Amino acid sequence: MDTEPSTNRRWAMLVASILGAMATTCTVSGVGFLIPELHTGEGMSIAAASTLATVPTIGLMLTIIPWGAALDRFGERRILLISLGLTVVATTGAAVSSATDLGRGVLAAWLLIGGMASAATNGASGRIVVGWFPPRGRGTAMGVRQTAQPLGIGLCALTIPVLSAAHGVTAGLWVPVGMSLAGLVAVAVTVVDPPRTSTATDVGAGVNPYRASSFLPRVHAVSVLLVIPQSTLWTFVPAWLIVAHHWAPGTAGVLVTVSQVLGAAGRIAAGRWSDVWGSRMKPIRVIALGAAVSSAVLALTDWVSSPVAAAVMVVATVITVADNGLAFTGIAEYAGPSWSGRALAVQNTGQFLATSATTPVFGALIGAAGFPLAFAVMSLAPLVALPLVPRDPAPRPKEAGVTVVSR
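Because the structure is predicted, anything quoted here is derived from the model rather than measured.

Quick notes on the rules
Residues numbered from 1 in each chain as written. Predicted model: local features only at pLDDT ≥ 70, side-chain atom pairs only at ≥ 80, totals over all residues. Heavy atoms only, no water. Helix = DSSP H or I, 4+ residues; strand = E, 2+ residues; numbered from the N terminus. Rg over C-alpha atoms; globule rule 2.2 N^0.38 Å. Buried < 20%, exposed > 50% of the residue type's maximum accessible area, 1.4 Å probe, protein only. Areas by Shrake-Rupley, 256 points an atom, 1.4 Å probe, with all protein chains shown as cover. Salt bridge = Lys/Arg side-chain N within 4 Å of Asp/Glu carboxyl O. Contact = heavy atoms within 4.5 Å. Axes fitted to C-alpha atoms, helices over the stretch in contact; angles between N-to-C directions. Parallel < 35°, antiparallel > 145°, perpendicular 65-115°, else oblique. Left-handed = near helix turned anticlockwise from the far one by under 90°. Nonpolar A, V, L, I, M, F, W, Y, C, P; charged D, E, K, R; others polar. Phe/Tyr/Trp six-rings, centres within 6.5 Å; stacked < 30°, edge-to-face > 60°. Lys NZ or Arg CZ within 6 Å of the ring centre and 35° of its normal. Patch = residues over 30% accessible without salt bridge, like charges linked within 9 Å, V, L, I, M, F, W, Y side chains within 5 Å. Arc of directions from axis to C-beta. Expected span 1.5 Å × (residues − 1). Bend = angle between axes of the 7 residues up to and from the residue.

Scanning the chain for helices and strands turns up 19 helices and zero strands. Its C-alpha atoms give the chain a radius of gyration of 20 Å, near enough to 22 Å, the size a compact globule of 407 residues would have. Summarising its shape, the C-alpha atoms of the chain cover approximately 65 × 45 × 35 Å along the three principal directions. Relative to its full complement of 407 residues, the chain shows a buried share of 59%. Surface exposure of the chain reaches about 14,900 Å², of which carbon and sulfur atoms provide 69%.

Given below as structure tokens:
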């Protein structure tokens, strides 16, 4: 695009980015909402069903860094269209294989391909925000972009458990297909590649940001730890409500959706907070402490069978998802346009690796010792993250050849 887009066009591209990222969320995390039906309707153990739910995440991890390198080389629009088009094919294959009873091995293969295909959208949409929005509004815009995950989880919570309980697993698998089609159309209509200009805090063209300072590795490590309570809640809360507390699937889905919508609002608020405060990292410290406390309170209230446990779950869900946009913004700003695709890919790889590694572990822990202990264990991860949060990088000096060192 030769001229700056209008404000309306920027926000239209942001909405398209949200829809594309929601497609990835539904493709990768939607299977988790089939756990109740896989367990009660098809006789799988919670541990086995949660292992199947990690298959799309494994696929995503296999390709997210190559997708990031492709973004750095070829730009956002082209890669988004390819990624979302392949995601439509893979999610359709999963639904058809389930409908024709080809077996769980074939289903798992399509779920794996779906994760592999969908891995480009998070990094691409983050680059669109950093490329098209000014610095003082970037945190807010990224907060809006980061609503894709809780909104995607909320959509899955509201639809997949009810559809699968009423019509079987296949019905739930059509939800990611529809979301992927919506994202593909929205991107095709609105998205234009942003200009490749430097940000005030990036390390400079041609500089490897991982060699400039410890800022990026520390942000990655913090995000990996903070995603553990987040992913544990979005994966197991439906089963917690339906199996452990005997809620109806529809009622459970409504509560999970409400918590995710509130989580989406929390991400926007965190982004705005970071713009006003002029810091991406300081709010992350506060969020990490809040995640540890709320997770521990959830464990305690569930252990004593308190009626407020469901409300505490909502609070914990809102807090544990609030940090993602801040980390994404900080990484993209620091890495710059020539490295942000790969840096965001490394960020997502670490988070999804943690999710895929811990989901079966927590599934086995829940099966052996119950939900309260699992919630208590997940509360430890944010405590470990607290001292690892780095300080914000200093603005890059304008003189050539000077790189940023994290303070």
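Now that the structure has been shown, the text picks up again.
In the structure shown here, the tally under the stated rule is three salt bridges. When the shortest N-O distance is used, the salt bridge between Arg-280 and Asp-275 registers 2.9 Å. Taken individually, Arg-280 and Asp-275 each receive the classification buried, so the pair is uniform in this respect. A network of salt bridges, in which partner residues are shared, links Asp-275, Arg-280 and Glu-333.

Take the environment of Arg-77 next. Structurally, Arg-77 can be placed in helix H5 (residues 76–99). In this view, Arg-77 contacts Val-187, Ala-188, Val-191 and Asp-193; residues no more than four positions away in its chain are not counted.

Packing of helix H1 (residues 7–29) against helix H7 (residues 121–132) brings their axes to within 9 Å, and their N-to-C directions diverge by 165°. Regarding the angle of H1 to H7, the classification is roughly antiparallel. Both H1 and H7 take part in a crossing whose hand is left-handed. Residue-level inspection shows Arg-10, Met-13, Leu-14, Ser-17, Gly-20, Ala-21 and Thr-24 of H1 in contact with H7, the latter providing Thr-121, Asn-122, Ser-125, Ile-128, Val-129 and Trp-132. For the contact of H1 with H7, a count of residues per class yields six nonpolar, six polar and one charged.

Looking now at unusual backbone geometry. We note that His-246 has phi near 60°; this positive angle belongs to a residue other than glycine. Note on placement: His-246 falls in the loop between helix H12 (215–244) and helix H13 (249–277). The backbone of Ser-305 sits at a positive phi, close to 55°, despite the residue not being glycine. Within the fold, Ser-305 resides in the loop between helix H14 (281–303) and helix H15 (309–320).

On to the packing of aromatic side chains. Taken as a whole and assessed by the stated rule, the structure comprises six aromatic pairs. When the centroid spacing of 6.0 Å and the interplanar angle of 35° are considered together, the rings of Phe-371 and Phe-375 count as tilted. Taken as a pair, Phe-371 and Phe-375 lie in helix H18 (residues 371–378) at a separation of four residues, close to a single helical turn. With respect to class, Phe-371 is no different from Phe-375; both count as buried. Three or more aromatic residues joined by ring pairs make a cluster, and in this case those are Trp-240, Phe-371 and Phe-375. The positively charged end of Arg-342 is found above the aromatic ring belonging to Trp-339, 4.1 Å away from the centroid.

Attention now goes to a nonpolar patch on the surface. A contiguous nonpolar surface patch, about 410 Å² in accessible area, is contributed by Leu-289, Val-293, Val-297, Leu-380 and Leu-383. Those elements giving two or more residues to the nonpolar patch turn out to be H14 and helix H19 (380–385). Locating Val-293 in the fold gives a position in helix H14.

Summarising the element assignment, Thr-329 is placed in helix H16 (residues 324–335). Assessed through its relative accessible area of 1%, Thr-329 is described here as buried. Setting aside residues up to four positions removed in sequence, Thr-329 forms contacts with Arg-138, Gly-139, Met-142 and Arg-280.

Helix-helix packing is characterised by the crossing angle of the two axes and by the distance between the axes. Where helix H8 (residues 135–145) contacts H16, the axes come no closer than 9 Å and their chain directions differ by 130°. One finds that H8 runs oblique with respect to H16. In the crossing of H8 with H16, the sense of the turn from one axis to the other is right-handed. For the pair formed by H8 and H16, the contact residues are Arg-138, Gly-139 and Met-142 on the first element and Gly-325, Phe-328, Thr-329 and Glu-333 on the second. Counted by class, the contact of H8 with H16 contains two nonpolar, three polar and two charged residues.

On to H18, then. Within H18, the full set of buried residues consists of Phe-371, Ala-374, Phe-375 and Met-378. Axial view of H18: buried residues confined to an arc of 100°, hence all on one face. Those residues of H18 hidden inside the fold are in contact with H12, H14, helix H17 (340–369) and H19.

Moving on: helix H4 (residues 55–74). Structurally, the α-helix is built with 3.6 residues per turn, so residues lying three or four positions apart point the same way. Over its 20 residues, H4 extends 28 Å from the first C-alpha to the last, a length consistent with the 28 Å expected when each residue adds 1.5 Å. The largest bend in H4 is about 40°, located at Thr-63, with the proline Pro-66 one to four residues further on. Downstream of H4 by one or two residues, Gly-75 has phi in the positive range, about 95°.

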